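Residue strings, one per chain:
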Amino acid sequence: MKISSNFDSGNINVIDASNPANIRLSINKDNNSDFYQWFHFRLTGAKGQLCALNIENAEGAAYPGGWEDYQACASYDHETWFRVSTVYKDGTLTIQHVPETDSVYYAYFAPYSYDRHQELVSTAATHPRVKLDVIGETCDGRDLDLLTIGEERDEKKKIWIFARQHPGESMAEWMVEGILNRLLDDDDALSRELLNQCVFYVMPNANPDGSIRGHLRTNAKGQNLNRDWADPDPDVSPEVFHLRNKMDEKGLDFSLDCHGDEALPYNFIACFEGVPNLNQYNLDTAYMFGRELERVNPDFQNEKGYTKSAPGTANLGMSTNHIADRYDAVAMTLEMPFKDTVDSPNQETGWSPERSIKLGHSSLDALYAVLERL
Ligand SMILES: [Zn+2]
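A brief structural summary.

Analysis parameters
- Residues numbered from 1 in each chain as written.
- Predicted model: local features only at pLDDT ≥ 70, side-chain atom pairs only at ≥ 80, totals over all residues.
- Heavy atoms only, no water.
- Pairing = 2+ DSSP bridges.
- Helix = DSSP H or I, 4+ residues; strand = E, 2+ residues; numbered from the N terminus.
- Axes fitted to C-alpha atoms, helices over the stretch in contact; angles between N-to-C directions.
- Donors = N, O, S within 2.8 Å, 3.2 Å for Na, K, Ca; no water.
- Tetrahedral: all angles 85-135°; square planar, octahedral: opposite > 155°, others 65-115°.
- Expected span 1.5 Å × (residues − 1).
- Contact = heavy atoms within 4.5 Å.
- Buried < 20%, exposed > 50% of the residue type's maximum accessible area, 1.4 Å probe, protein only.
- Parallel < 35°, antiparallel > 145°, perpendicular 65-115°, else oblique.
- Left-handed = near helix turned anticlockwise from the far one by under 90°.
- Phe/Tyr/Trp six-rings, centres within 6.5 Å; stacked < 30°, edge-to-face > 60°.

## Some thoughts on the sheet that holds strand S6 (residues 72–75)
Part 1 of the argument: In space, the 5 strands of this open sheet follow the order S1-S4-S10-S6-S7, with antiparallel pairing throughout. Across the chains shown, the open sheet's two edge strands, defined by having one partner strand only, are strand S1 (2–4) and strand S7 (82–84). Going from strand to strand, the sheet's axes swing by 35° on average, the running direction of each strand aside.
Part 2 of the argument: Looking at chain direction, S6 and S7 are connected through 3 bridges and run antiparallel. Each bridged residue has a counterpart across the sheet, and for alanine 74 the counterpart in S7 is phenylalanine 82.

Okay, here's the thing in structure tokens:
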């Protein structure tokens with residue numbers, strides 16, 4: 001029996017794996033940071049044995065509330081993911097499972113691999129409406145890929161969609177995959193009309209280093225990118241530095257920043273209530289987007305979410321606040337659960353790649369409904 005994590009987005013530390021009934025593990029911190037919660041590892045040679053995989057440092061994770069009512073994700077082929085029995089007790093997260101084969105993966109959420117990212121971007125680039133630009137390099141020297149979809153003309157609305165500032169929130173890139181697939185479907189009349197009126201700038205992975213390193217929340221240098229928007233330093237947060245410069249160059253009318261929330265079992269959006277000089281019309285447009293998304297996709301709701309910032313107290317280091325303020329635009333952070341949705345659960349899969357993809361499809365319906373207000 002062996003446990004390994006030396007692969008794309010792998011993260012686990014093995015304390016003792018000699019006894020299947022008490023496999024002792026811990027999650028490594030993000031490099032140069034105290035954040036940790038993402039895990040992803042492979043167990044081999046345990047076919048047919050009852051295994052108890054104990055993550056002993058679960059209590060000190062970034063969001064221990066994320067472990068309550070959480071079921072871990074597992075896969076035999078690294079493609080189809082399902083949930084397995086998981087208990088959080090006395091600060092330890094225990095996954096109990098009898099593997100059906102000699103190779104099984106466990107992860108905090110279904111990973112979105114770097115290979116799949118490259119395939120997504122390259123396949124999109126074969127479409128005649130798509131232009132691919134590498135707008136900069138990460139600290140580890142990886143490409144920051146930006147897709148431009150639709151002909152760029154001044155009078156068109158500029159729509160920005162990006163994901164994985166927080167790399168462990170892999171559901172965010174699954175959602176962007178859904179958005180791209182629908183946008184590039186020439187048989188989809190709504191997508192064709194959106195592309196007549198808008199140009200889309202899409203960055204499916206804003207933090208490839210953190211994703212590959214198996215981080216929860218930071219880039220290679222330990223920066224939480226979604227706190228660095230006010231004054232991004234090109235040496236430590238090149239991802240934000242280059243993305244924001246590109247937004248300055250191209251303009252921005254609407255921005256959707258895709259995330260996952262560890263604790264809350266809901267899909268919801270967070271907006272920009274606390275920015276200085278709040279534009280109420282833009283805020284109403286963001287709320288309208290939320291209502292439309294709920295109408296077309298019952299996995300989404302508007303009742304539960306984060307507490308809204310009081311007037312003037314917004315953190316302008318966060319992308320949505322910064323963007324709404326900087327471009328006087330409609331901006332939102334869309335959060336998906338690691339767990340499941342309380343109102344529309346699926347016990348076998350929990351929240352999943354497939355459901356994230358479909359939420360991506362639906363988000364274009366909601367965008368279309370608010371387009372004339374942008
Ligand atoms: Zn996030």
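## Side note on the coordination of the zinc ion
Part 1 of the argument: In the first shell of the zinc ion, the protein supplies His166 (ND1), Glu169 (OE), Glu169 (OE) and His259 (ND1), at 2.1 to 2.5 Å from the metal.
Part 2 of the argument: What the 4 donor atoms of the zinc ion show is an angle range of 55 to 145° at the metal, which sorts the shape as irregular.
Part 3 of the argument: Mapping the donors of the zinc ion onto the primary sequence gives the spacing H-x2-E-x89-H. Here the residue histidine 166 occupies a position in the loop between strand S13 (157–163) and helix H2 (171–183), and histidine 259 occupies one in strand S15 (residues 254–261), the gap between them amounting to 93 residues.

## Some remarks on helix H5 (residues 238–250)
Part 1 of the argument: Taking 1.5 Å as the rise per residue, H5 with 13 residues should run 18 Å; its terminal C-alpha atoms sit 18 Å apart, in good agreement.
Part 2 of the argument: Looking one or two places after H5, you find glycine 251, whose phi comes out positive at around 90°.

## Topic: the sheet that holds strand S14 (residues 198–203)
Part 1 of the argument: A sheet is described by the order of its strands in space; here 7 strands give the open sequence S11-S12-S14-S13-S15-S17-S16, paired in mixed fashion. At either margin of the open sheet sits one strand with a lone partner, and together these are strand S11 (130–137) and strand S16 (268–270). Adjacent strand axes in the sheet meet at a mean angle of 25°, parallel and antiparallel pairs treated alike.
Part 2 of the argument: One ladder, built from 6 bridges, connects S11 with strand S12 (residues 143–149); its direction is antiparallel. Across the sheet, leucine 132 pairs through a bridge with leucine 147, a residue of S12.
Part 3 of the argument: Sitting on the sheet, helix H1 (residues 114–125) touches S11 and S12, and the angle it makes with S12 is about 35°.
Part 4 of the argument: Strand contacts of helix H8 (residues 353–370): S13, S14, S15 and strand S17 (330–337), with the helix running at about 155° to S17, the strand carrying the most contacts.

## Some words on the pairing of S13
Part 1 of the argument: Within S13, 7 of the 7 residues are buried, which leaves the element mostly enclosed by the surrounding structure.
Part 2 of the argument: The alternating pattern of S13 places Lys157, Ile159, Ile161 and Ala163 on one face and Lys158, Trp160 and Phe162 on the opposite face, and all of these are buried.
Part 3 of the argument: The pairing of S13 with S15 spans 5 bridges and is classified as parallel. The residue of S15 that forms the bridge with tryptophan 160 is serine 255.

## What to know about the packing of helix H6 (residues 280–296) against H8
Part 1 of the argument: Look at H6 against H8: their axes get within 8 Å of each other, and the N-to-C directions meet at 130°. When the interaxial angle is binned, H6 and H8 end up oblique. H8 is crossed by H6, and the crossing has right-handed handedness. Across the interface between the two elements, Thr285, Met288, Phe289, Glu292, Leu293 and Val296 of H6 pack against Leu359, Ser362, Ser363, Asp365, Ala366, Leu367, Ala369 and Val370 of H8.

## A word on the packing of aromatic side chains
Part 1 of the argument: Across all of its chains, the model carries 16 aromatic pairs by this definition.
Part 2 of the argument: Judged by centre distance (5.7 Å) and plane angle (65°), the ring pair of tryptophan 67 and tyrosine 70 falls under edge-to-face.
Part 3 of the argument: Looking at tryptophan 67, the relative accessible area reads 1%, which means it is buried.
Part 4 of the argument: When the centroid spacing of 5.5 Å and the interplanar angle of 50° are considered together, the rings of phenylalanine 254 and phenylalanine 289 count as tilted. Here the residue phenylalanine 254 occupies a position in strand S15, and phenylalanine 289 occupies one in helix H6, the gap between them amounting to 35 residues.
Part 5 of the argument: Taking the relative accessible area as the measure of exposure, phenylalanine 289 reaches 1% and is therefore buried.
Part 6 of the argument: Put simply, the rings of Phe39, Phe41, Trp67, Tyr70, Tyr106, Tyr108, Phe109 and Phe338 touch in pairs and so form one group of aromatic residues.

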